[in-house]
Structures are given as C-alpha cells and as structure tokens.
Amino acid sequence: MDTVSITRAGRVAIVTFRRADQLNAMNKQMMGEITEAFESLSADAAVGAIVVTGEGKGFMAGADIKEYATQTEAEFDAFQKAGARMYAAIEQNAKPVIAAVNGYALGGGFEIVLACDIVLASEKARFGLPEIKLGLVPGGGGTQRATRKLGRNRANHMLLTGGIYPASDFVACGFVAEVLATDALLPRAQELAEGIAAEPPDAVEGLKRLTALALDPDPTPGFEAERALVTALYRSETGQARVRAFAERSAAKAAEKGRP
Ligand code: COA
C-alpha cells in the first residue's frame, strides 16, 4: 500500500494516512487502501484494537478535490459508492477504532472521525464539514453521523457554515475524549488501545455491537442482545476466573482483618 501504512505493537494496529504533502487528501487509490486495511484488520484475530492517525500536519483534509475536478460523473458516483464501503469498514469494524486526530480532519476526514469509536485529538486538530463551500454536501454519511453523534443543531451549524473548529470545541459534548499536546497524542492513543486490546475479545467486540444497536429507536433488541452477551460471558472461562478472583481477594482481605 502506498498511501496507508499499518504498524503493529502487540495486539494494537496503527493505521496511518500517508499523503502528507497533500494533507492526506483522499483520492481513489487511498480510499481503496483504507478499505483494504480496515477490512483485513477486522478479520485479524491477532488485533484487539486499532488506532488511526495521519502523517504530517493533516489527519485528512477530505476527499481529493483535485481528483474530483478531473472525474467523470460515473467516476464521481463510483467514488461515493466505494466510500460507503470504506466508512462501513471503519464503523462496523469488529475491533474498536480510536481516532488520534493530529491535524486537519475536514470533509471525508471528519466523516472518518465520525465513524470511529473513541476520539482523541491534539491541540492542532481542526474539524469541519466544508463541502458547502464547494457547492456540495458530504457524501460519506457525514450529515447522518454528525447529527447522531453531535446533536442536530451542532451538525446544522457545522454543515451550513462549512466552518473549521478546534477539537477543544467538541469536548463538552463528549465527542472528543481528550485533547492532548502533539507529542502525547499517539502514546496516549496506543496506551488506551492496549488497555482495550487486553480485555476479552468477545466482550470488547460485543460491546461495540451493543452500542451500535442502541441507535435503534426501539431499545428491546438491544436489551435482549445485551442479556444474551452477559449470560454467555458469565459462562466463559475468563468471566468465571475474574469473578471468582474478585470474590477470593475480598475473602482474603476479610480473613486478614479477622472479619467473617
Ligand atoms: N484535496 C486535494 N488537495 C488538497 C486538499 C483536498 N481536500 N486539501 C489540501 N490539499 C493540498 C493542497 O492543494 C496543497 O497541495 P499543493 O501544495 O500541491 O498545492 C497541500 O494539500 C497543502 O494544502 P494548503 O492548502 O497549501 O495548506 P494550508 O495550510 O494553506 O490550508 C486547508 C489548509 C485544509 C485549510 C486547505 O488545504 C483546504 O481548505 N483544503 C480543502 C478542505 C476541504 O474543502 N475538504 C473537503 C473536501 S470535500
């Protein structure tokens, strides 16, 4: 892959966008490589969590507008269709995906952030959906995910103004978990990912499916799926071992203190 790299540290995979001289603007080739990277990591049992970041001063400044300018209508349509598969490869990835947003995350770049499970950002991160400035609207699910994840008025504000905002504006609403100094961003994302990747995969992957189910206006399927998962995990070796270990530690402490 030329435009994306995957590095591994234990059970954590780091996906890095590598078109730094173009602020990682996403052309057709890059979209294909991002899809391939996330689809392969989703199926990889050696991976417990994924971090996604960008090289240089951009996370991703959106779709490659210069490529847009040369596309035929059919090519533009095919790019948008391929985009749906790419965003699904991130959002529906079996593994949790942590965005480590290092710089500009605009248009399609912000739509990728919207498809991630947890967002960390550097002080230099900037978010925006500026498509309206090109006479367009987002095509990768940005209107739908921004409304669900940020609330409708905040989404309307971003979409209708096309403005670019610092990551710190997104902490109060809970969208960004932490804003960090530039040098601290990747180490913190890796630390967070390692912690998650160390938990039982069935619980981690199950939780991700359950919070996605919670978007269904009817909570009943989510309640049922949650109960099915907790009963299965309770019967699992890890669940049994951890629950018993807690009770044994508690009993040992009580014995030390002479409590019954
Ligand atoms: N598509 C194609 N190329 C892009 C790009 C994009 N979305 N965003 C940045 N680039 C390229 C620039 O053309 C430039 O390339 P060049 O040196 O070959 O001319 C390079 O990346 C650096 O960008 P530049 O504009 O010089 O940096 P800047 O710091 O002055 O401005 C931005 C940064 C992000 C404000 C500006 O690049 C921008 O507005 N980009 C477009 C964002 C956008 O509309 N995204 C939504 C697309 S649907």
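For clarity, every value in this text was computed on a predicted model and none was experimentally measured.

Engineer: Any chance you could explain the site of the ligand here in plain terms?
Structural biologist: By nearness alone, 15 residues border the ligand, and Lys57, Ala61, Ala63, Ile65 and Lys66 come closest of all. For the ligand, a nitrogen atom lies 2.9 Å from a polar atom in the backbone of Ala61. In the environment of the ligand, a nitrogen atom lies 2.9 Å from a nitrogen or oxygen atom belonging to the backbone of Ala63. The fraction of the free accessible surface of the ligand (870 Å²) that becomes covered by protein chains is 61%. For the shell around the ligand, the secondary structure elements donating two or more residues are α2 (65–70) and β6 (104–106). In terms of residue class, the shell around the ligand is built from 9 nonpolar, 1 polar and 5 charged.

Engineer: Which parts of the structure should I look at to understand a nonpolar patch on the surface?
Structural biologist: Residues Ile65, Leu134 and Leu136 make up a contiguous nonpolar surface patch of roughly 240 Å² in combined accessible area. Mapped onto the elements, Leu134 comes out in the loop between β8 (126–128) and α5 (142–150).

Engineer: Would you mind going over the packing of aromatic side chains with me for this structure?
Structural biologist: For any pair of aromatic rings, the description rests on two quantities: the centre-to-centre distance and the angle between the ring planes. If you walk through the whole model with that rule in mind, you get 9 aromatic pairs. Here the aromatic rings of Phe110 and Phe175 are separated by 5.8 Å at their centres, their planes lie at 65°, and the arrangement is edge-to-face. Of this pair, Phe110 sits in helix α4 (residues 108–115) while Phe175 sits in the loop between β9 (164–166) and β10 (178–180); the two residues are 65 residues apart in sequence, bridging distant segments of the chain. Grouping residues by exposure puts Phe110 and Phe175 together as buried. On the basis of an interplanar angle of 75° and a centroid distance of 6.3 Å, the ring pair of Phe127 and Phe175 is categorised as edge-to-face. Pair noted here: Phe127 is in strand β8 and Phe175 is in the loop between β9 and β10, with a separation of 48 residues, a long-range link. Here the two residues Phe127 and Phe175 agree in accessibility, since each one is buried. The ring of Tyr165 has Arg154 sitting right over it, with the charged end atom 6.0 Å from the ring centre. It is Arg154 that lies over the ring of Phe170; its NZ or CZ is 4.4 Å from the centre.

Engineer: Looking at this structure, I do not really get unusual backbone geometry. What am I missing?
Structural biologist: With glycine set apart, most residues show a phi of negative sign, and most peptide bonds adopt trans. We note that Leu23 has phi near 55°; this positive angle belongs to a residue other than glycine. Position of Leu23 relative to the elements: it lies in the loop between β2 (12–17) and α1 (28–42). Here Asn24, not a glycine, exhibits a phi torsion of approximately 60°, which is positive. Within the element layout of this structure, Asn24 appears in the loop between β2 and α1.

Engineer: Hey, could you run me through the domain arrangement of the chain in this one?
Structural biologist: Interface size is often expressed as the accessible area that is lost when the parts come together. Taken domain by domain, the chain holds domain 1 (4–197) and domain 2 (201–256). Taking only C-alpha atoms into account, the centre of domain 1 sits 30 Å from that of domain 2. Every contact between the two is made by 12 residues of domain 1 and, on the other side, 5 residues of domain 2. A buried area of about 560 Å², summed over both sides, lies between domain 1 and domain 2, and 56% of it is on carbon and sulfur atoms. In this assembly, domain 1 and domain 2 are joined by 1 salt bridge. Here Lys208 and Asp117 are joined by a salt bridge, their closest N and O atoms 2.8 Å apart. Where domain 1 meets domain 2, there are 4 residue pairs in polar contact (both at pLDDT 80 or more). Among the residues forming the side of domain 1 that touches domain 2, the class breakdown is 5 nonpolar, 2 polar and 5 charged.

Engineer: Whenever I open this one, the sheet that holds strand β4 (residues 58–60) confuses me. Can you help?
Structural biologist: Two orientations exist for strands paired in a sheet by backbone hydrogen bonds: parallel and antiparallel. Spatially, the 4 strands line up as an open sheet ordered β4-β6-β8-β9, and their pairing is mixed. Each of the sheet's edge strands pairs with one partner strand only, and the pair in question is β4 and β9. Adjacent strand axes in the sheet meet at a mean angle of 20° when their direction is disregarded. For β6 and β8, the ladder comprises 3 bridges, and the chain directions are parallel. Within β8, the position partnered with Ala105 by the bridge is Phe127. Of the strands in this sheet, β8 and β9 are in contact with helix α6 (residues 152–161), which crosses β9 at around 130°.

Engineer: Honestly, the pairing of β2 in this entry has me stumped. Any pointers?
Structural biologist: Each regular strand shows side chains that alternate between the opposite faces of the sheet. The element β2 is extensively covered by neighbouring structure, given that 6 of its 6 residues are classed as buried. Of the two faces of β2, the one holding Val12, Ile14 and Thr16 and the one holding Ala13, Val15 and Phe17 are both buried throughout. When strand β1 (residues 4–9) meets β2, the two strands line up antiparallel, connected through 6 bridges. Residue pairing in the sheet places Ala9 in a bridge with Val12 of β2. Hairpin connection of β1 to β2: 2 residues between the antiparallel strands, including Gly10 at a positive phi of 60°. With 6 bridges connecting them, β2 and strand β3 (residues 49–54) associate as parallel partners.

The rules behind these values
- Within every chain, residues take consecutive numbers counted from 1 along the sequence as written.
- In keeping with the model being predicted, local features are shown solely for residues with a pLDDT of at least 70 and side-chain atom pairs are shown and tallied solely at 80 or more, while totals for entire chains, interfaces and linings include all residues.
- With hydrogens and water stripped out, all remaining heavy atoms of the structure feed into the side-chain values.
- One heavy atom suffices: a residue is near a molecule or strand as soon as one of its heavy atoms comes within 4 Å of it.
- Think of a polar contact as two N or O atoms within 3.5 Å of one another; within protein, one of them needs to be a possible hydrogen donor and the other a possible acceptor, and neighboring residues in sequence only count if both atoms come from side chains.
- A 1.4 Å probe and the Shrake-Rupley method give the accessible areas. Residues count as covered only by the protein chains that appear here.
- Numbered from the N terminus, helices here are DSSP runs of H or I no shorter than four residues, and strands are runs of E no shorter than two.
- Nonpolar residues are Ala, Val, Leu, Ile, Met, Phe, Trp, Tyr, Cys and Pro. Charged residues are Asp, Glu, Lys and Arg, and all others, Gly as well, are polar.
- Patch construction takes residues with relative accessible area above 30% that form no salt bridge. Like charges are linked within 9 Å, and nonpolar side chains (Val, Leu, Ile, Met, Phe, Trp, Tyr) are linked within 5 Å.
- We count a salt bridge whenever a side-chain nitrogen from Lys or Arg sits within 4 Å of a carboxyl oxygen from Asp or Glu.
- When two rings of Phe, Tyr or Trp (its six-membered ring) have centres within 6.5 Å they constitute a pair, described as stacked for plane angles under 30 degrees, edge-to-face for angles over 60, and tilted for the intermediate range.
- Partly exposed describes any residue whose relative accessible area lies between the buried limit of under 20% and the exposed limit of over 50%, with all areas from a 1.4 Å probe on protein chains only and scaled to the type maximum.
- Whether a charge sits over a ring depends on NZ of Lys or CZ of Arg being within 6 Å of the ring centre and within 35 degrees of the ring normal.
- Just so you know, the domain bounds were taken from an automatic or database domain assignment.
- A contact between two residues is defined here by any heavy atoms of the two lying within 4.5 Å.
- Using a 1.4 Å probe, buried area is obtained as the accessible area two parts lose upon being combined, added over both of them.
- The criterion for strand pairing is that DSSP finds at least two bridges linking the strands in question.
- To get an axis, a line is fitted to the C-alpha atoms, and for a helix only the part in contact is used. The angle between two axes follows their N-to-C directions and goes from 0 to 180 degrees.

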